[in-house]
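A look at the structure
The lines below spell out each chain.
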Amino acid sequence: MDPVRNPYAPGAGQRPPELAGRDKQLTAFEVVLERIARGRPERSVVLTGLRGVGKTVLLNHLRSAAIARSWGTGKIEARPDQDLRRPLSSALHMAVREIAAAHPDRESVDYFLGVLKSFALRATADKGMRERWQPGIDAPAVKGRADSGDIEIDLVELLVDASGLARDVGVGIALFIDEMQDLGAADVSAICGACHELSQDAAPLIVVGAGLPHLPAVLSASKSYSERLFTYHRIDRLERAAADLALIAPAEREDVEFTQDALDALYETADGYPYFVQAYGKATWDVAAASPITAEDVRVGAPAAEEELAVGFFGSRYERATPAEREYMRAMADLSGDDGPVATSKIAAELGRKPASLSPARDGLIKKGLIYSAERGFIGFTVPHFGRYLRAQSD
């Protein structure tokens, strides 16, 4: 098979050639967009799931759907050590630029840009640094609006003003936040507060977030009413028909087919996880001699895919952990035969330690996004099959 024509695309956030199995979420978002277009109240949206299930891909696709309706959009990727103001200012600036040309009153647009600039400049507490850094907004800062220094007050004022511009134009604004669980506590509280205010006014501005499975718990810890602010979609592995479609449709466009045995083998190997489907599909294509691709091709290509996953998907994450954190994860792996959540008490017993002494390792792994608190007293891997990878390493 010609590797140049290989249609499969394993990559972080890289859109696969066939976005299969996500029709439910896409349809639900179209309803949200249409309801807002008609002036009806709607909740913001949150996507949750493990690494490799395609949350970022889906987030980008939802953004494309909003752009297709002439909405203003902006996207950020949250980071644990990053304040929200600067990236959100840039994202909202982009969103407003997309709708500004259609606004009937240029003065209103300039006023909002001035408010946005004041909001952005509060990102730096040091006066000298604040005077040197500029957010790239071509308007004078407006004093007294969204610049109090309290992120919750300021974000509410900023997004209410932005939604007013969108309403004037007859469209909406959508802000997309990837890795949302990495936002600081104050920033999470501010977003929840702003979404609450916007929903009460049926404002045409929504937040669309994506994050790890514990993101709903992060939001709930910030605001008790967060479960009513967002529509939650859990993104999981693909069902068999969708996984097959993700392989078959791109191959058909290249006049290539799979035998049924090959599809059976690929589903068993990739376990329906979109990233794995792409990785094994790509490796199988490269070793196949001709169409149709067979189960033997899958068997021969699997080691190459596993080697790539071991280095880029699993290994790179494992290398970020400290020795104590690696010991904690290996104990998790030994206890989770199906890679499901494990009781923290069992991990402590496995290591012969008191639970409190393991808190630094557990907290460090959570901050690095390697594990998550599945429920009270339980911990799970954020990466599918990570336990299996660790058990293989120790064999």
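Looking at an unreviewed UniProt entry, the protein chain carries the name AAA family ATPase, with the source organism given as Rhodococcus zopfii.

**Observations concerning the side chain of S226**
Residue placement: S226 occurs in the loop between helix 8 (215-222) and strand 5 (230-234). Among the polar contacts listed, one links the side chain of S226 to the backbone oxygen of L219, at a separation of 3.3 Å. With sequence-adjacent residues up to four places away left out, S226 is seen in contact with C192, L219, S220 and Y232.

**Let's talk about the sheet that holds strand 5**
Pairing is parallel across the open sheet formed by 5 strands, whose spatial order is 2-3-4-1-5. Of all strands in the sheet, those with a lone pairing partner are strand 2 (72-77) and strand 5, marking the two edges. Across the sheet, the axes of successive neighbouring strands diverge by a mean angle of 15°, strand direction being ignored. Summarising the sheet, strand 2 and strand 3 (residues 173-178) pair through 6 bridges and their orientation is parallel.

**So, the layout of surface pockets**
If you add up the space inside the largest pocket, you get close to 780 Å³. Forming the walls of the largest pocket are 40 residues, and the residues nearest its centre are G11, A12, G13, G52 and T56. Those elements that place two or more of their residues in the lining of the largest pocket are helix 2 (55-68), helix 11 (274-287) and helix 12 (295-318). Of the residues in the lining of the largest pocket, the class split is 17 nonpolar, 10 polar and 13 charged.

Thresholds, definitions, all that
- Throughout, residues of each chain are indexed from 1 in the direction in which the sequence is written.
- For a predicted model such as this one, the threshold for reporting local features is a pLDDT of at least 70, and the threshold for listing and counting side-chain atom pairs is 80 or more; totals across whole chains, interfaces and linings nevertheless cover every residue.
- Side-chain descriptors were evaluated using all non-hydrogen atoms of the structure, hydrogens and water having been removed beforehand.
- Helix and strand labels come from DSSP, where a helix needs a run of H or I of at least four residues and a strand needs a run of E of at least two; each type is numbered from the N terminus.
- Two N or O atoms count as a polar contact when they lie within 3.5 Å, although within protein this holds only if one can serve as hydrogen donor and the other as acceptor, and sequence-adjacent residues are included solely when both atoms are side-chain atoms.
- A contact between two residues is defined here by any heavy atoms of the two lying within 4.5 Å.
- Pairs of strands are assigned from DSSP output, requiring at least two bridges between the strands.
- Axis definition: a line fit to C-alpha positions, over the contact stretch in the case of helices; interaxial angles, taken between N-to-C directions, run 0 to 180 degrees.
- In this analysis a 1.4 Å probe is tested at points of a 1 Å grid over the protein atoms alone, and where it fits but cannot get out there is a cavity; an open set with protein on both sides within 12 Å along at least five of seven lines is a pocket; lining residues have an atom within 4 Å of a point.
- Grid points are joined across faces, edges and corners, and a volume is the space filled by probe spheres set on the points.
- Under the scheme applied here, ten amino acids are nonpolar (Ala, Val, Leu, Ile, Met, Phe, Trp, Tyr, Cys and Pro), four are charged (Asp, Glu, Lys and Arg), and all others, including Gly, are polar.

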